[in-house]
Each structure stands twice: as structure tokens, then as C-alpha cells.
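# Geometric and topological summary
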Amino acid sequence: MRKTLRRGLLSICSFFINLPTFCILRLRMDSFDQKIIAALRENARQSVSAIAEQVSLSRPAVSERIKRLEEQGEIVGYQVLTAKKTEAGGFLKAYFEIKQGGFKCRPLVQMLLQYPEVKHCHGISGEVDLLVYLEFAGMQRLHDILAEIDEELPKDAKVVTHMVMQEWER
């Protein structure tokens, strides 16, 4: 019964989508897929052999399953989690671009410089009134500073945050 149903689904798949009859229909992840994803969540850098041992499958079977999970969009990427500070022990860095509609900047700058994370405030020409450079330990601290600053700004003011992704020095 199960083989007949699967054969029927494969025929429908081939007919309607013009795919070869060896296409695989998978509606849900099985327990092996879930175990593989759990192992990758624990340590995405571990070898396929180590994962195979954990889930009791062969290395080629695990490799195929990981590849399929990636292709199906179940695994959408891998990431690196870092400590609060960047690789060289430095802080995360950002700029606030503040547009406050022609209001005077001096009182705002005095308020901003009370934060130890604010290193520089520059009044600049153009549409932006103030460019503020910050160095901070973590994203939550940036969020907190931004929330506090937002309370002090005029109603129509706008703040755009730019994270420093890479630096080049002379």
C-alpha cells in the first residue's frame, strides 16, 4: 500500500512538474533529520563522521541528509557567535546619523557626550545634522542608548544607525 502510494505520488510529481521519477517527496523531517539538526545546533563545526556516530547513521547518509536539508531550506545557513567584544578585544562600533530638523545641536551633543560609549559627535553639512560615533560592548547596550536618546530628541527627529562592519587604516 505504502509503495503504491509513493509510486503514485512520484508519477504525479513527474507528470505535473516535469521532474524525473526519482524525485523525492518529503513532507516532514524524520527523527534522523531532527537529530542531525540538533547536532548541528550544538556544534555546526563538528565533522560529518562525529554527527553520523551521534545519530547512528553512516557518514555518506548523514552527508546526503545535510545536503538535502540545505536544498529544501530546512538549514538556511551557519553562523559564528562571538563574545561581546570583537576579535582583537575591541568593542563593537557604530554611527548614529541624527536628523533633527534644524534644531541646535549643542544641547544634544552635551547630552550625548555623557555616555562613555559616545566617542565623537560631528556636526556635518547636508541633510544630516549630527554624526555620532560610538564604541560599545554589546548590542543590548546600543539598543539601550538609542532608546534613551530617542526620549530626549525632538518629536520629528530621526536616527539612523550604521554598524561598522570592517575598518581599514592607513
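Residues numbered from 1 in each chain as written. Predicted model: local features only at pLDDT ≥ 70, side-chain atom pairs only at ≥ 80, totals over all residues. Heavy atoms only, no water.

### As for helix α4 (residues 59-71)
Here is the rule: Secondary structure is summarised from DSSP: a helix means a run of H or I of at least four residues, a strand means a run of E of at least two, and numbering begins at the N terminus for each. Each helix should span, by expectation, one fewer than its residue count multiplied by 1.5 Å. Classification of residues uses two cut-offs on accessible area relative to the type maximum, computed with a 1.4 Å probe and protein chains only: under 20% is buried, over 50% is exposed, and between them is partly exposed. The arc in question is formed by the directions pointing from the helix axis toward the C-beta atoms. Contact definition: two residues touch when any of their heavy atoms are within 4.5 Å.
The end-to-end C-alpha distance of α4 is 18 Å, a good match for the 18 Å that 13 residues give at a rise of 1.5 Å each. Of the residues making up α4, those classed as buried are Val62, Arg65, Ile66, Arg68 and Leu69. Angularly, the buried residues of α4 cover 165 degrees about the axis, an arc narrow enough to put them on a single face. Looking at α4, the residues exposed on the side facing more than 90 degrees away from the buried face are Glu64 and Glu71. Among the structural elements, α2 (31-42) and α3 (48-55) are those in contact with the buried residues of α4. Backbone geometry just downstream of α4 places Gly73 in the positive-phi region, at approximately 85 degrees.

### Overview of the packing of α3 against α4
The description of two packed helices rests on the angle between their axes and on the distance between the axes. Operational definition: Axis lines are fitted through C-alpha atoms, for helices just across the contact stretch, and the angle between N-to-C directions can take any value from 0 to 180 degrees. Each angle is binned into one of four classes, with values under 35 degrees roughly parallel, values over 145 roughly antiparallel, values of 65 to 115 roughly perpendicular, and all other values oblique. Asp, Glu, Lys and Arg are counted as charged, while Ala, Val, Leu, Ile, Met, Phe, Trp, Tyr, Cys and Pro are counted as nonpolar; the rest, among them Gly, fall into the polar class.
Where α3 contacts α4, the two axes come as close as 8 Å, and the packing angle between them is 100 degrees. Here α4 runs roughly perpendicular to α3, going by the angle between their axes. Touching Val48, Ser49, Ile51, Ala52 and Val55 of α3 are Arg59, Val62, Ser63 and Ile66, all from α4. In terms of residue class, the contact of α3 with α4 is built from 6 nonpolar, 2 polar and 1 charged.

### Re the pattern of salt bridges
Rules: Salt bridge, as applied in this entry: a Lys or Arg side-chain nitrogen positioned within 4 Å of an Asp or Glu carboxyl oxygen.
Within the structure shown, the criterion is met by 6 salt bridges. Lys99 serves as the salt-bridge partner of Glu127, at 3.8 Å between the closest nitrogen and oxygen. Linking Glu127 in the loop between β2 (118-123) and β3 (130-136) with Lys99 in strand β1 (residues 92-99), this pair joins segments that are 28 residues apart in sequence. Lys99 sits in the partly exposed class, given a relative accessible area of 25%. Taken together, the shared-partner salt bridges connect Asp30, Asp33, Arg65 and Arg68 into one network.

### Some thoughts on the nonpolar core
Among soluble globular proteins, nonpolar side chains are generally buried collectively. Defined as follows: Put simply, buried Ala, Val, Leu, Ile, Met, Phe, Trp, Tyr and Cys residues joined by side-chain atoms within 4.5 Å make one nonpolar core.
Counting 18 residues, the largest nonpolar core has Phe96, Ile98, Leu112, Val132 and Ile149 as the members making the most contacts within it. Filtering out sequence-adjacent residues up to four positions away, Phe96 remains in contact with Leu130, Leu131, Val132, Leu134, Leu142, Ile145, Leu146, Ile149, Val159, Val160 and Thr161.

### Overview of the confidence of the model for the chain
To be explicit about the condition: Every residue is assigned a pLDDT by the predictor, reflecting its confidence on a scale from 0 to 100.
On average, the chain scores 81 in pLDDT, and the residues at 70 or more come to 76%. Predicted confidence for residues 9-27 stays below pLDDT 50, and this span has 15 contacts to residues more than four positions away or in other chains.

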